[in-house]
Amino acid sequence: EADIYQTPRYLVIGTGKKITLECSQTMGHDKMYWYQQDPGMELHLIHYSYGVNSTEKGDLSSESTVSRIRTEHFPLTLESARPSHTSQYLCASSGRPKGGAGGTYEQYFGPGTRLTVT
Amino acid sequence: AQSVTQLDSQVPVFEEAPVELRCNYSSSVSVYLFWYVQYPNQGLQLLLKYLSGSTLVKGINGFEAEFNKSQTSFHLRKPSVHISDTAEYFCAVLGPRGGGNKLTFGTGTQLKVEL
């Protein structure tokens with residue numbers, strides 16, 4: 001059973017506010033990802049990390065930023081939220097578990113954060 | 001670069017009928033293939049994966065998929081669907097051979113099971 005958590009699950013916030021979406025995983029995976037998904041649409045990769053202090057931008061340009069100070073934690077921040085940021089944000093992890101051999105290619109997903117900016 | 005095409009955006013089917021959700025991918029190198037399911041207001045759950053070996057892959061909830069290299073397809077099938085199978089299904093490719101660990105998703109197929 002994969003253990004990856006996202007908070008909050010739902011967030012309604014006004015334009016211009018700073019927000020941080022939290023993502024944590026207890027599997028010790030080295031790789032983590034953030035996807036953006038609009039209703040009824042495909043997932044687009046916006047950020048990924050291959051390990052602590054490693055972050056890269058994904059295929060879809062995003063005004064958000066991420067950090068990876070600890071293996072298990074991969075928060076996403078929007079400095080000034082806008083209505084165009086309204087979407088669902090999904091976090092995922094994969095790869096070599098901490099202290100283990102081999103690895104998994106499949107990504108395990110959190111439940112998502114549905115963000116609405118008014 | 002990889003791409004994934006899910007030919008059907010919606011598939012309505014009656015309960016206990018068989019279903020096939022189609023997925024085609026394009027890649028010049030060998031890839032890994034996945035099917036995920038997403039229930040309303042939830043994240044994605046892995047249904048099954050193809051990494052190597054047998055081209056017929058069995059997953060959870062009675063689903064299976066067949067990897068066809070010559071047709072670059074990875075169609076998902078279930079012989080008898082249940083109401084609880086109503087969800088969005090995403091095909092995804094990871095490649096080449098896991099390099100970069102970045103998934104490319106299709107646009108999804110909404111499976112609606114009716115009584």
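Residues numbered from 1 in each chain as written. Chains lettered and ligands numbered in written order. Predicted model: local features only at pLDDT ≥ 70, side-chain atom pairs only at ≥ 80, totals over all residues. Heavy atoms only, no water.

## Topic: the state of the cysteines
All names here are of chain A.
At step 1: Within this structure, the stated rule accounts for two disulfides over all chains.
At step 2: Across a sulfur-sulfur distance of 1.9 Å, Cys 23 and Cys 91 are joined as a disulfide pair. Measuring the twist about the S-S bond at about -75°, one finds the Cys 23-Cys 91 disulfide to be left-handed. With Cys 23 in strand β3 (residues 19-25) and Cys 91 in strand β9 (residues 87-95), this residue pair connects regions lying 68 residues apart in the sequence.
At step 3: Judged by its relative accessible area of 0%, Cys 23 is buried. (Disulfide = S-S within 2.5 Å. Helix = DSSP H or I, 4+ residues; strand = E, 2+ residues; numbered from the N terminus. Buried < 20%, exposed > 50% of the residue type's maximum accessible area, 1.4 Å probe, protein only.)

## What to know about the interface of chain B and chain A
A common way to express how large an interface is: the accessible area buried when the components associate.
At step 1: Taken together, the contacts link 21 residues of chain B with 25 residues of chain A.
At step 2: Here chain B and chain A share an interface that buries about 1,800 Å² over both sides, 51% of which is from carbon and sulfur atoms.
At step 3: Here chain B is connected to chain A by two salt bridges.
At step 4: In this structure, B:Lys102 engages A:Asp59 in a salt bridge whose closest nitrogen and oxygen atoms are separated by 3.7 Å.
At step 5: Listed by contribution, the elements that provide at least two residues to the side of chain B that touches chain A are β5 (32-38), β6 (44-50), β10 (87-94) and β11 (103-105) of chain B.
At step 6: No other element matches the four residues that β5(B) contributes to the side of chain B that touches chain A. (Contact = heavy atoms within 4.5 Å. Buried area = accessible area lost by both parts, 1.4 Å probe. Salt bridge = Lys/Arg side-chain N within 4 Å of Asp/Glu carboxyl O.)

## Thoughts on unusual backbone geometry
At step 1: Looking along the chain, the bond that leaves A:Thr7 and enters A:Pro8 is cis, with omega of -10°.
At step 2: Locating A:Pro8 in the fold gives a position in the loop between β1 (4-7) and β2 (10-13).
At step 3: If you check the backbone angles, A:Asn53 has positive phi at about 65° while not being a glycine.
At step 4: Along the chain, A:Asn53 falls in the loop between β5 (43-51) and β6 (54-57).
At step 5: You can call A:Asn53 exposed: its relative accessible area is 67%.
At step 6: The phi angle at B:Thr72 is positive, at roughly 45°, despite the residue not being glycine.
At step 7: The residue B:Thr72 is located in the loop between β8 (64-68) and β9 (73-78) in this model.
At step 8: Taking the relative accessible area as the measure of exposure, B:Thr72 reaches 27% and is therefore partly exposed.

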